[in-house]
Amino acid sequence: MLAKIKKVKFEPDALNDKPHYKVLLECSKGNHLFIHFDYTPTRKKFIPLLFEFRGENKGARLDWYTKRVENMTVDHFLETIAEKVNKKYNYKLH
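Worth saying up front: this structure is predicted, and the values here are computed from it rather than measured.

Draft legend 1. Focus on the overall build of the chain. On a plain count of helices and strands, the chain comes out with two helices and five strands. Overall, the chain shows an N-to-C arrangement of helices and strands of β-β-β-β-β-α-α. For a compact globule of 94 residues, the expected C-alpha radius of gyration is about 12 Å, and the chain comes in at 13 Å, within 12% of that figure. Judged by the C-alpha coordinates and their principal axes, the chain covers about 40 × 25 × 20 Å. The contacts in the chain between residues at least 6 apart in sequence include a share of 34% that link residues at least 24 apart.

Next comes the structure, spelled out in structure tokens:
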């Protein structure tokens, strides 16, 4: 992963096992990327809810960034971020 995590707001939901992640990343050339995503237990995957690049709202369409810049799928990108956040907060998905 090329982007570096700068700030995290993590909201575990122990009742529904559906944690929410809000992550600010620093990308190449000093650009900032903000992603709000959660984990959906029924689908067993992370889903982007909101994505901002350079302060511009891009909705949930994260695929153009992950393919062009990070050279990976959205699923892999969000899993990588979630792993780091979960480790920091000592949180395990059930």
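Draft legend 2. Here's a closer look at the nonpolar core. With 23 residues, the main nonpolar core has Leu33, Ile35, Phe37, Tyr65 and Phe77 as its most contacted residues. The residues contacting tyrosine 65, other than those within four sequence positions of it, are Ala3, Cys27, Leu33, Phe51, Phe53, Glu70 and Phe77.

Draft legend 3. Focus on helix H1 (residues 63-70). Turning to H1, its buried residues are Tyr65, Thr66 and Glu70. Viewed along the axis of H1, the buried residues span an arc of 95 degrees, placing them on a single side of the element. Exposed residues on H1 whose side chains face more than 90 degrees from its buried face are Lys67 and Arg68. Of the surrounding secondary structure, the elements contacted by the buried residues of H1 are strand E3 (32-40), strand E4 (45-53) and helix H2 (74-88).

Draft legend 4. Fine view of the sheet that holds strand E1 (residues 4-11). Pairing in this open sheet of five strands is antiparallel, and the strands run E1-E2-E3-E4-E5 from one edge to the other. Of all strands in the sheet, those with a lone pairing partner are E1 and strand E5 (56-57), marking the two edges. Of the pairings in the sheet, the one linking E1 to strand E2 (residues 20-26) comprises seven bridges and is antiparallel in character. Bridge assignment links lysine 4 to a residue of E2, and that residue is glutamate 26. Packed on one face of the sheet, H2 meets E1, E2, E3 and E4 and runs near 95 degrees to E4.

What counts and what doesn't
- Residues numbered from 1 in each chain as written.
- Predicted model: local features only at pLDDT ≥ 70, side-chain atom pairs only at ≥ 80, totals over all residues.
- Heavy atoms only, no water.
- Helix = DSSP H or I, 4+ residues; strand = E, 2+ residues; numbered from the N terminus.
- Rg over C-alpha atoms; globule rule 2.2 N^0.38 Å.
- Contact = heavy atoms within 4.5 Å.
- Core = buried A, V, L, I, M, F, W, Y, C linked by side-chain atoms within 4.5 Å.
- Buried < 20%, exposed > 50% of the residue type's maximum accessible area, 1.4 Å probe, protein only.
- Arc of directions from axis to C-beta.
- Pairing = 2+ DSSP bridges.
- Axes fitted to C-alpha atoms, helices over the stretch in contact; angles between N-to-C directions.

Just geometry here; none of it tells us what the structure is for.
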